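Given next are the chains, with one letter for each unit.
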Amino acid sequence: MWCSRTALGRLQRIAPCTVTGHHRAMSALPKVYVTRRIPPDGLDILRKSGQVQFELWDSDDPVPRVELLNKVKGCDGILCVLTEKIDAQLLDVAGPNLKVLSTMSVGYDHLSLEELKKSLLIWACIFCRGIRVGYTPEVLTDAVAELTVALLLATSRRLIEATHEAKTGGWGTWRTMWLCGHELANSTVGILGLGRIGVAIAERLKPFKVKKFIYTDVEPRTELANMINAEYVSLDELAKQSDFLAICCALTPETHGICNWNLFSKMKKNAIFINTSRGGVVNQEDLYEALSTGLIAGAGLDVTTPEPLPTHHPLYTLKNCVILPHIASASYTTRNAMSALAANNLLAGLRGEAMPKELKL
Ligand SMILES: O=C(O)C(=O)CO
């Protein structure tokens, strides 16, 4: 149901699905479905715009797929988060009104880009979906880089193990080699996938007296690399030379499972592997083998496959594996900035204007 604000009080009681919108000439306003309770800045922008009537899945948990498919029918715009799979089925159900998809994320591996731009043959007519896509790069770079450094230090200096020992009586006396880790001073830091986030990580690590930054990507990224004085190397060399390896690449068919036995077996025994990109770039069985056999020293993962990683997963049993629940961008400032940018992308797209951050399809 699509309603005016006057009906909002009544409808809010049937949470988590809340209806809201603008009550003047409601039927004329574009219809938008927001697939999650997004941070307040973005919601305020949508509410105050007077430009759309929107319905929101007012919950911290993902909207069930059946509900999602039901709610997107006839929508002009969708604002989603990274847990929603935007595929052919959803786009078919949404129908030809859908003009804009705005995701509150920098990653877009949950969107089927091919389907978004596809032409379809319906009743002998060529119908081009031509859906424009907004996303949220840059606003989360600082938060993700900061968390990556925190995770790297927590893993390399064994902070989680250490607090556990202190709390559970393992702290006997000061011991010469107890809980020793690996330090950044004089190290080589490797970056797999050099973009804004990789540069921001390197800038933060430099004051720790890192000796050398190296990176690999599909091709040299000279301008970005010059900002951090990083050398372009092959994937093999990256594995061989890195004392710390930060994974910063997008998940694509080419990077799916790229961190596998082949990579781990070339890495140094003292190497620390850090992933804050997407779980799908890692072969987790191979990582488990590498960590449990001492092939590499440790891993810090903010992302896994699946998410959430089930509590019985073998990676949790390893002391040298620190697992976080996908929180790299989770600062109040950043999540609000992401929601505001997602809202502004959506509104600009619906007005037929250039979006502040539009994905080139
Ligand atoms: O924006 C993204 O892609 C995320 O993973 C959230 O941090």
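Since this is a predicted model, take the numbers as computed values, not measurements. In this convention, every chain numbers its residues from 1, walking through the sequence in written order. Per-residue local features are limited, in this predicted model, to residues with pLDDT of at least 70; the limit for side-chain atom pairs, both in listing and counting, is 80 or more; totals at the level of whole chains, interfaces and linings are taken over all residues. Water and hydrogen atoms play no part in the side-chain values, which are based on all heavy atoms of the structure.

1. Description of the overall build of the protein
Stage number 1. Helix and strand counts for the protein come out as 13 helices and 15 strands.
Stage number 2. Throughout, the radius of gyration refers to the C-alpha atoms, and the reference size of a globule is 2.2 Å times the residue count to the power 0.38. Computed over the C-alpha atoms, the radius of gyration of the protein is 23 Å, within 12% of the 21 Å expected from 2.2 N^0.38 for a compact globule of 361 residues.
Stage number 3. Each principal axis of the C-alpha atoms in the protein carries an extent, and together these give about 75 × 45 × 35 Å.
Stage number 4. A 1.4 Å probe rolled over the protein chains alone gives each residue an accessible area, and that area as a share of the maximum for its type sets the label: buried under 20%, exposed over 50%, partly exposed in between. Counting the 361 residues in the protein, one finds 50% classified as buried.
Stage number 5. All accessible-area figures derive from a Shrake-Rupley calculation using a 1.4 Å probe, and residue coverage is judged against the displayed protein chains alone. As displayed, the protein has an accessible area near 17500 Å², and 56% of this comes from carbon and sulfur atoms. Numbering of helices and strands runs from the N terminus; a helix is a DSSP stretch of H or I covering at least four residues, while a strand is a stretch of E covering at least two.

2. Section: helix H13 (residues 332-350)
Stage number 1. The span expected for a helix works out to 1.5 Å for each residue beyond the first. Helix length check: H13, at 19 residues, gives a terminal C-alpha distance of 27 Å against a target of 27 Å (1.5 Å per residue), a fit within 8%.
Stage number 2. For H13, the tally of buried residues reaches 14 of 19 residues, placing the bulk of the element in the interior.

3. Focus: the site of the ligand
Stage number 1. Here a residue counts as near a molecule or strand whenever at least one of its heavy atoms sits within 4 Å of it. In the vicinity of the ligand, the contacting residues are Leu82, Ser105, Val106, Gly107, Leu140, Arg278, His326, Ser329 and Met338.
Stage number 2. Between an oxygen atom of the ligand and a side-chain N or O atom of Arg278, the distance comes to 2.6 Å.
Stage number 3. We call two N or O atoms a polar contact when they sit within 3.5 Å, provided that within protein one can donate a hydrogen and the other can accept it, with sequence-adjacent residues counted only if both atoms are side-chain atoms. Side-chain polar atom of His326 to an oxygen atom of the ligand: 2.8 Å apart, as the coordinates give it.
Stage number 4. When the ligand is considered free in solution it has 230 Å² of accessible area, and contact with the protein chains removes 93% of it.
Stage number 5. Think of it as three bins: nonpolar holds Ala, Val, Leu, Ile, Met, Phe, Trp, Tyr, Cys and Pro, charged holds Asp, Glu, Lys and Arg, and polar takes everything else, Gly as well. Among the residues forming the shell around the ligand, the class breakdown is four nonpolar, four polar and one charged.

4. Some remarks on the sheet that holds strand S15 (residues 321-323)
Stage number 1. The rule for pairing is simple: two strands pair if DSSP sees at least two bridges between them. Taken together, the seven strands give an open sheet; going across it, the order is S11-S10-S9-S12-S13-S14-S15, and neighbouring strands pair in parallel fashion. The open sheet has two edge strands, strand S11 (230-232) and S15, and neither has a second partner. Averaged over neighbouring strand pairs, the angle between their axes works out to 20 degrees when direction is ignored. With axes taken as lines fitted to C-alpha atoms, and helix axes fitted only over the stretch in contact, angles between N-to-C directions fall between 0 and 180 degrees.

5. Notes on the pattern of salt bridges
Stage number 1. Note on definitions: salt bridges are taken to be side-chain nitrogens of Lys or Arg within 4 Å of carboxyl oxygens of Asp or Glu. Counted by the stated rule, this structure contains 22 salt bridges.
Stage number 2. As a salt-bridge pair, Arg132 and Glu358 come within 2.8 Å of each other at their nearest N and O atoms. Here the residue Arg132 occupies a position in strand S8 (residues 132-134), and Glu358 occupies one in the segment after H13, the gap between them amounting to 226 residues.
Stage number 3. Taking the relative accessible area as the measure of exposure, Glu358 reaches 24% and is therefore partly exposed.
Stage number 4. One salt-bridge network, held together by shared partners, links Asp92, Glu115, Lys118 and Arg129.

6. Some points on the domain arrangement of the protein
Stage number 1. If you check the domain split of the protein, you get domain 1 (31-138 + 334-359) and domain 2 (159-167 + 180-319).
Stage number 2. Between the C-alpha centres of domain 1 and domain 2 there is a distance of 32 Å. A domain assignment, automatic or from a database, supplies the domain bounds used here.

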